[in-house]
Amino acid sequence: MSGDIVTLEVSDHIALVTLNRPPVNALDRAMRDRIVSVFDEISERSDVRVAILTGAGKVFCSGADLKDRPDPTKIGAFHSHNRITREAGNCIRECSKPVIAAINGVALGAGVGLMASCDIFYACEEAVFGMPEINVGLAGGAAMLNTLFGRSLMRRMFFTGYRVPATELYRLGIIEACTTKENLIPEVMKLAREIASKSPIAMEYAKNAANMVELMPPRDAYRFEQNITMALSKTEDAKEARMAFLEKRTPVFKGR
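Position numbers for residues start from 1 in each chain and track the written sequence from start to end. Local features are withheld for residues below a pLDDT of 70 in this predicted model, meaning they are given only at 70 or higher, and side-chain atom pairs are given and counted only at 80 or more; totals for whole chains, interfaces and linings count all residues. Side-chain figures throughout are based on the complete set of non-hydrogen atoms in the structure, without hydrogens or water.

The next point concerns the packing of helix α8 (residues 200-213) against helix α9 (residues 218-232). The contact between α8 and α9 brings their axes to 10 Å, and the two run at 170°. Viewed along their axes, α8 and α9 adopt a mutual orientation that is roughly antiparallel. For the pair formed by α8 and α9, the contact residues are I201, A202, Y205, N208, A209, M212 and V213 on the first element and A221, F224, E225, I228, A231 and L232 on the second. When its residues are assigned to classes, the contact of α8 with α9 shows 11 nonpolar, 1 polar and 1 charged. Only C-alpha atoms enter the line fits that serve as axes; for helices the fit covers just the stretch in contact. Angles between N-to-C directions range over 0 to 180 degrees. Secondary structure elements follow DSSP: runs of H or I of four or more residues count as helices, runs of E of two or more count as strands, with numbering from the N terminus. Roughly parallel here means an angle under 35 degrees, roughly antiparallel means over 145, roughly perpendicular means 65 to 115, and every remaining angle is called oblique. When checking whether two residues touch, look at their non-hydrogen atoms; a contact exists if any pair is within 4.5 Å. Three residue categories are used. Nonpolar comprises Ala, Val, Leu, Ile, Met, Phe, Trp, Tyr, Cys and Pro, charged comprises Asp, Glu, Lys and Arg, and polar comprises the others, including Gly.

What follows is the structure, encoded as structure tokens:
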């Protein structure tokens, strides 16, 4: 069933999204469609405050399924293919809730793109990252790599297909943690629970701000954030946070 190729489990305000297309979670049209529908659902669900994206098995995502290429003789096929390919990443970046990547193994090509669309990155020690398109006569993914890596490493990966181990990304400060495979999800869950404990309305504004200020000059970005602070100061959650601080208790947020 199409729903099984990307599973969604929700518990305690945390959504666990798992790529589940054996053997290597390669992305085809059906899987991309499912990713879009899952993250659009997460954006609208009031019982979700944070999401985790991971993969089933030993591979996070091997990238695009080369057997699922558009027919170059069919007019519009490539545009349609490219559109859903873009949206599979955009739906994660534009998700109203923070998304944590839990990279459980190899992440290649479009798999790196899915990771780059997330907000925070964790990986296990077995994980490696690469953009091997050049090795199959293609060139794509520089925009994804550019959000993660410095100029030299990005171009080395892009021009040669070089694969970088998770340990090196941790050394460079690109990922937050490099854990054993067994500890990956438990460690990510700790962070997810911390995020889920915050005001959900403030967190949605924070996610929007984090995305938008990347695109703005500093002066405009700061003004944008000030407007958010002004709007949030009038919410019930802001009042509850202040009262809880003064009363030295845990706040109880309602998302209003």
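After that view of the structure, there is still more to cover.
The next subject is the sheet that holds strand β2 (residues 14-19). One open sheet holds the 6 strands; their spatial order is β1-β2-β3-β5-β7-β10, and the pairing between them is mixed. Of all the strands in the sheet, the pair left with one neighbour each is β1 (6-11) and β10 (177-179). The sheet shows a mean angle of 20° between the axes of neighbouring strands, direction not considered. Only strands that DSSP links by at least two bridges are regarded as paired with each other. As judged from the 4 bridges shared by strand β5 (residues 99-103) and strand β7 (residues 120-124), these two strands associate in the parallel manner. Paired with A101 across the strands is F121, a residue of β7. The sheet strands contacting helix α7 (residues 181-196) are β2, β3 (50-55), β5, β7 and β10, and the helix crosses β7 at an angle near 160°.

Bridge count for β1 against β2 is 6 bridges, and the pairing is antiparallel. Looking across to β2, one finds that E9 is bridged to L16. What sits between β1 and β2 in their antiparallel hairpin is a turn of 2 residues, with D12 showing a positive phi close to 55°.

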